[in-house]
Amino acid sequence: MLSIKDLHARVEQKPILRGLSLEVKAGEVHAIMGPNGSGKSTLSQVLAGREDYIVESGSVEWMGRDLLSMPIEERARSGLFLAFQYPIEIPGVSNAYFLRTAVNAARRHQGLPELDAMDFIKRVKAEMKAVGMKEEFLYRSVNEGFSGGEKKRNEVLQMTLLEPKLAILDETDSGLDIDALKVVADGVNRLRSPERALIVITHYQRLLDYIVPDFVHVLAGGRIVRTGGRELALELEERGYGWISEAEARKG
Ligand code: ADP
Ligand code: MG
Ligand code: MG
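So, here's what we can say about the structure. A quick note: this is a predicted structure, and the numbers were derived from the prediction, not measured.

**Thoughts on the site of ligand 1**
Contacts to ligand 1 come from V11, K14, I16, P35, N36, G37, S38, G39, K40, S41, T42 and Y53. Between an oxygen atom of ligand 1 and a main-chain N or O atom of S38, the distance comes to 3.2 Å. Residue K40 places a side-chain N or O atom 2.9 Å away from an oxygen atom belonging to ligand 1. Protein burial of ligand 1: of its 560 Å² of free accessible surface, 66% is covered by the chains. Elements represented by at least two residues in the shell around ligand 1 include exactly β2 (14-24) and α1 (40-48). Of the residues that constitute the shell around ligand 1, the class distribution is four nonpolar, six polar and two charged.

**Structural notes on the packing of helix α4 (residues 117-131) against helix α5 (residues 148-162)**
Two numbers describe how α4 lies on α5: the axes approach to 10 Å, and their chain directions differ by 135 degrees. Taken together, α4 and α5 sit at an angle that is classed as oblique. Taken as a pair, α4 and α5 cross one another with a handedness that is right-handed. The segment α4 lies against α5, with F120, R123, V124, E127, M128 and V131 engaging R153, V156, L157, T160 and L161. For the contact of α4 with α5, the residue count by class is seven nonpolar, one polar and three charged.

**Points about the nonpolar core**
If you look at the biggest cluster of nonpolar residues, it comprises 48 residues, and the most contacted ones within it are V124, L157, L169 and L236. In terms of residues, this core owes the most to one element, helix α6 (residues 178-191), which gives seven residues. Setting aside residues up to four positions removed in sequence, V124 forms contacts with L99, L138, L157 and L161. Membership of the second largest hydrophobic core comes to 27 residues, among which are L2, L7, V60 and L219.

**Re the side chain of N143**
When you line up the elements, N143 lands in the loop between β8 (141-142) and α5. Classification of N143 by relative accessible area gives buried; the value is 3%. In terms of polar contacts, N143 uses its side chain to reach the backbone carbonyl oxygen of I88, at 2.8 Å.

**Considerations on the sheet that holds strand β11 (residues 215-220)**
The strand order across the open sheet formed by six strands is β6-β9-β10-β3-β11-β12, and the pairing between neighbours is mixed. In this open sheet, the two edge strands, each paired with only one partner strand, are β6 (80-83) and β12 (223-228). Looking at each pair of strands side by side, their axes are set apart by 20 degrees on average, direction ignored. Relative to strand β9 (residues 166-170), β6 runs parallel, the two being bridged by four bridges. In the sheet register, L82 faces β9, and the bridge partner there is I168. Along the sheet face, α5 touches β6 and β9 and points at about 175 degrees away from the line of β6.

**A word on the pairing of strand β1 (residues 2-11)**
Bridge count for β1 against β2 is eight bridges, and the pairing is antiparallel. When the sheet's bridge partners are listed, L2 is paired in β2 with V24. Taking the residues that link successive antiparallel strands as the turn, the β1-β2 hairpin has two residues, and the phi of E12 there is positive, at about 50 degrees. With eight bridges connecting them, β1 and strand β4 (residues 53-62) associate as antiparallel partners. Across the sheet, A9 pairs through a bridge with V55, a residue of β4.

What counts and how
Residues numbered from 1 in each chain as written. Chains lettered and ligands numbered in written order. Predicted model: local features only at pLDDT ≥ 70, side-chain atom pairs only at ≥ 80, totals over all residues. Heavy atoms only, no water. Near = heavy atom within 4 Å. Polar contact = N/O pair within 3.5 Å; in protein donor to acceptor, adjacent residues only side chain to side chain. Areas by Shrake-Rupley, 256 points an atom, 1.4 Å probe, with all protein chains shown as cover. Helix = DSSP H or I, 4+ residues; strand = E, 2+ residues; numbered from the N terminus. Nonpolar A, V, L, I, M, F, W, Y, C, P; charged D, E, K, R; others polar. Axes fitted to C-alpha atoms, helices over the stretch in contact; angles between N-to-C directions. Parallel < 35°, antiparallel > 145°, perpendicular 65-115°, else oblique. Left-handed = near helix turned anticlockwise from the far one by under 90°. Contact = heavy atoms within 4.5 Å. Core = buried A, V, L, I, M, F, W, Y, C linked by side-chain atoms within 4.5 Å. Buried < 20%, exposed > 50% of the residue type's maximum accessible area, 1.4 Å probe, protein only. Pairing = 2+ DSSP bridges.

Any link to function would need more than the numbers given here.
Structure, rendered in structure tokens:
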């Protein structure tokens, strides 16, 4: 589904990703962990196609296509969903309008009929209940004045409605209380299916108590330096990231 090969990317003149490779198949849940500044968010920005992030070399194949040459909107329409560490606010655009536009764009892409206002409201209200959001959030501007927890719930709502083929969550757990964390985890777990893949980027192993990954990768210095099962996350929790950097340094 997603195949990243030897990816090198920089921000301004600074090389950040330095030979990152990762294979994700449908049905799999991957966790990417790593110290602060190791390039986790850079990876999600590169996949999203943010223009400040310059790909120097390497390839990203997505559903048999060259992701890096796809326009940004096309990436989303083709079923790639990215939830960022810092969700954007869109003043003057209601959450309901934003969600319906995004959902209908995705449906058109899949050859499905658009949802009319009534059908959409019915669906969105049911999903809002599931993530514990009050209906008033439909009529507020996207993320404007939302608390951290409310933004995350809203992200899970977007993700659930869009039914992406691959969802990437970048530190969706940072700064969340335990209730909001469970909402995120429940949303992700409800999305798990044999046709879908998930990449959960997190600094802490806490979220992985609720979202049990098939694979855990450690990103350090812009590359994946370790891959294991969920036990690797527990080991990181216990020992921190220092031992991995030291082991890497010894390797040269
Ligand atoms: P992580 O998400 O693993 O904490 P990031 O990908 O955010 O790491 O950052 C990796 C490195 O790239 C850091 O040193 C960070 O300062 C730098 N970086 C990321 N984005 C930018 C940017 N827009 N401008 C300058 N430096 C950046
Ligand atoms: Mg960070
Ligand atoms: Mg980050």
